[in-house]
Amino acid sequence: MIREGALSPHFYTDPDWFTVERERLARGTWQFFGLTDELAADGDWLQKTVLGTDIFVQNFDGNLRGYRNVCSHRGFPLRQGDKGNGAVQCGFHGWVYDREGVPTGIPRNAELFQLDREGQKGLALSAVRVETVGRFVFVTLSAGSAPVRDYLDAYAALFSAVSGQMGEAFFHDVSPTRANWKLCVEITLDDYHPQVLHPTTLGAGEPLKPFQCYYRRDGIHSCLLKRRDADWTFESYWSDLGAGLVDRTGYKIHHVFPNVLLSFMKDWVILSRYEPEGPGTTRVETTQCAWSDEVPTRETTRALTEESKTFLEQDRGAVQALHGMLEQKTRADTLGALEERIVWFHDSYRRIMGLMDGR
């Protein structure tokens, strides 16, 4: 059966639309930022770009707080690098900020600025909402967003349960990709391509049959749970997650709109984040962990890492080729039964973008 509803190329290539898109995503979504593992000690910080805004999240005496990465004095980036530890001090003129984002340490303040406490408070950094689900850290650029657990809905239990059983990361990759972020997401929602594109890794063996794919849609999120047989319904899967139990059998991949994937099998957990940098550029960040009670040998870790590098490079080549052909397309995509989650993704995209006319 052919699924209709694919987005037109305009939404992948137009620079003006890309600006609108990021603004609307910033108003309506929570974004995965990192793991609490990297923010465990007082003073630990992570810095990332989220929908065009540079943000850092820092541990202040056990509390995570987020701020826009811009000094209130002259706009210098406060955090330069991906992560670190230390006080919030500008590397340009030395302004120091406290946990509330207030510049309490201004060199030669009495001589040059004469800022009292209220004046300093008026120059506080722009705060960013930070919330956690288990070990997963999320941020939103919208002060009016509902709590992240409400946004995740059923997936909050998923992240909580996986947090309790996920081990340390053994593979981390950041890959600049010359393709629109939606193409990078869509290839992970496409269960039709693995045998051709990944013949030695994800696509090894018999082709995936439609009856094996148990697709579920939860609001703007969706998942694939690979069936053991045609009658398997996963009725207990979500209630088990609520009890902290994770069924690791088979292959499971969960898409949290707009740009995060959590997938796992018996040997590993993979977390993927797709950061839109431009209409045709995406920062793809992948973290792979073992399960805490199944610590892999060095040889197994090496093999899993090489396998991940292989399929990530294959995906990158495919989406870059797809992006290069967008302006030559003369018709919408023809999507089949193993690509249904792409249709759902496009529906969710239209909803968040406010595209009620179905373009």
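Right above here is the structure, for reference.
Residues numbered from 1 in each chain as written. Predicted model: local features only at pLDDT ≥ 70, side-chain atom pairs only at ≥ 80, totals over all residues. Heavy atoms only, no water.

Caption draft 1: Region of the structure containing the overall build of the chain. Per the secondary structure count, the chain includes 11 helices and 17 strands. A compact globule built from 359 residues would reach a C-alpha radius of gyration of about 21 Å, and the chain, at 22 Å, matches this within 12%. If one aligns the C-alpha atoms of the chain with their principal axes, the spans along those axes are about 75 × 50 × 35 Å. Within the chain, contacts between residues at least 6 apart in sequence are counted, and of these 62% link residues at least 24 apart. When the accessible surface of the chain is summed, it comes to about 16700 Å², and 50% of that surface belongs to carbon and sulfur atoms. (Helix = DSSP H or I, 4+ residues; strand = E, 2+ residues; numbered from the N terminus. Rg over C-alpha atoms; globule rule 2.2 N^0.38 Å. Contact = heavy atoms within 4.5 Å. Areas by Shrake-Rupley, 256 points an atom, 1.4 Å probe, with all protein chains shown as cover.)

Caption draft 2: Just the environment of Thr 233, in detail. Along the polypeptide, Thr 233 turns up in the loop between strand E13 (221-226) and helix H9 (237-242). Since its relative accessible area comes to 33%, Thr 233 is described here as partly exposed. Separated by 58 residues in the primary sequence, Thr 233 and Ser 175 place their C-alpha atoms 36 Å from one another. (Buried < 20%, exposed > 50% of the residue type's maximum accessible area, 1.4 Å probe, protein only.)

Caption draft 3: Inspection of the sheet that holds strand E9 (residues 127-133) at higher detail. In spatial order, the strands read E1-E10-E9-E4-E3-E2-E5; together these seven strands make up an open sheet with antiparallel pairing. The open sheet has two edge strands with one neighbour each: strand E1 (31-35) and strand E5 (83-85). Strand-to-strand twist in this sheet, taken as the mean axis angle between neighbours without regard to direction, amounts to 30°. (Pairing = 2+ DSSP bridges. Axes fitted to C-alpha atoms, helices over the stretch in contact; angles between N-to-C directions.)

Caption draft 4: Main features of helix H2 (residues 15-28). Taking 1.5 Å of rise per residue, 14 residues should cover 20 Å, and H2 covers 20 Å from first to last C-alpha, within 8% of that figure. Residues of H2 that are buried sit in contact with helix H1 (10-13), strand E10 (136-140), helix H7 (181-186), strand E16 (269-278) and helix H11 (340-353). Structurally, the start of H2 carries an N-cap: the backbone nitrogen of Asp 16 is 3.0 Å from a side-chain oxygen of Asp 14. (Expected span 1.5 Å × (residues − 1). Polar contact = N/O pair within 3.5 Å; in protein donor to acceptor, adjacent residues only side chain to side chain.)

Caption draft 5: Representation of helix H6 (residues 155-165). With eight of 11 residues buried, H6 lies mostly within the body of the structure. Every buried residue belonging to H6 is among Tyr 155, Ala 156, Leu 158, Phe 159, Ala 161, Val 162, Ser 163 and Gln 165, and all of these are buried.

Caption draft 6: Structural context of the packing of aromatic side chains. Enumeration over the complete set of coordinates arrives at 19 aromatic pairs. For the ring pair Phe 76 and Phe 92, a centre distance of 5.2 Å and an interplane angle of 35° mean the geometry is tilted. Here Phe 92 lies in the loop between strand E6 (88-89) and strand E7 (96-97) and Phe 76 lies in the loop between strand E4 (63-68) and E5, a separation of 16 residues in the sequence. On the basis of relative accessibility, which here comes to 43%, the residue Phe 92 falls in the partly exposed class. Chaining the aromatic ring pairs together yields one cluster made of Phe 11, Trp 17, Trp 181, Phe 257, Phe 345 and Tyr 349. When the ring centre of Phe 56 is taken as reference, the NZ or CZ atom of Arg 79 above it lies at 5.6 Å. (Phe/Tyr/Trp six-rings, centres within 6.5 Å; stacked < 30°, edge-to-face > 60°. Lys NZ or Arg CZ within 6 Å of the ring centre and 35° of its normal.)

Caption draft 7: Quick peek at the side chain of Thr 53. Among the secondary structure elements, Thr 53 is positioned in strand E3 (residues 53-60). For Thr 53, the contacting residues outside a window of four places in its chain are Lys 48, Arg 68 and Leu 141.

Caption draft 8: The sheet that holds E6, seen in detail. Ordered in space as E6-E7-E8, the three strands form an open sheet in which the pairing is antiparallel. Only two strands of the sheet have a single neighbouring strand rather than two, namely E6 and strand E8 (103-105). Where E6 and E7 come together, two bridges link them in antiparallel fashion. Residue Val 88 lies in a different strand from E7, and its bridge partner there is Tyr 97.

Caption draft 9: Up close: the packing of H2 against H11. Contact geometry for H2 and H11: axes closest at 9 Å, N-to-C directions at 85°. It follows from the interaxial angle that H2 and H11 lie roughly perpendicular. Contacts between H2 and H11 pair Trp 17, Glu 21, Arg 24, Leu 25 and Gly 28 from the former with Tyr 349, Ile 352 and Met 353 from the latter. When grouped by side-chain class, the residues that make up the contact of H2 with H11 number five nonpolar, one polar and two charged. (Parallel < 35°, antiparallel > 145°, perpendicular 65-115°, else oblique. Nonpolar A, V, L, I, M, F, W, Y, C, P; charged D, E, K, R; others polar.)

Caption draft 10: Representation of the nonpolar core. In this structure, Phe 136, Phe 138, Leu 152, Phe 159, Val 162 and Tyr 349 are the most contacted members of the largest nonpolar core, which totals 78 residues. Core analysis: the second largest hydrophobic core is formed by 11 residues, Phe 56, Cys 71, Val 88 and Tyr 97 among them. (Core = buried A, V, L, I, M, F, W, Y, C linked by side-chain atoms within 4.5 Å.)

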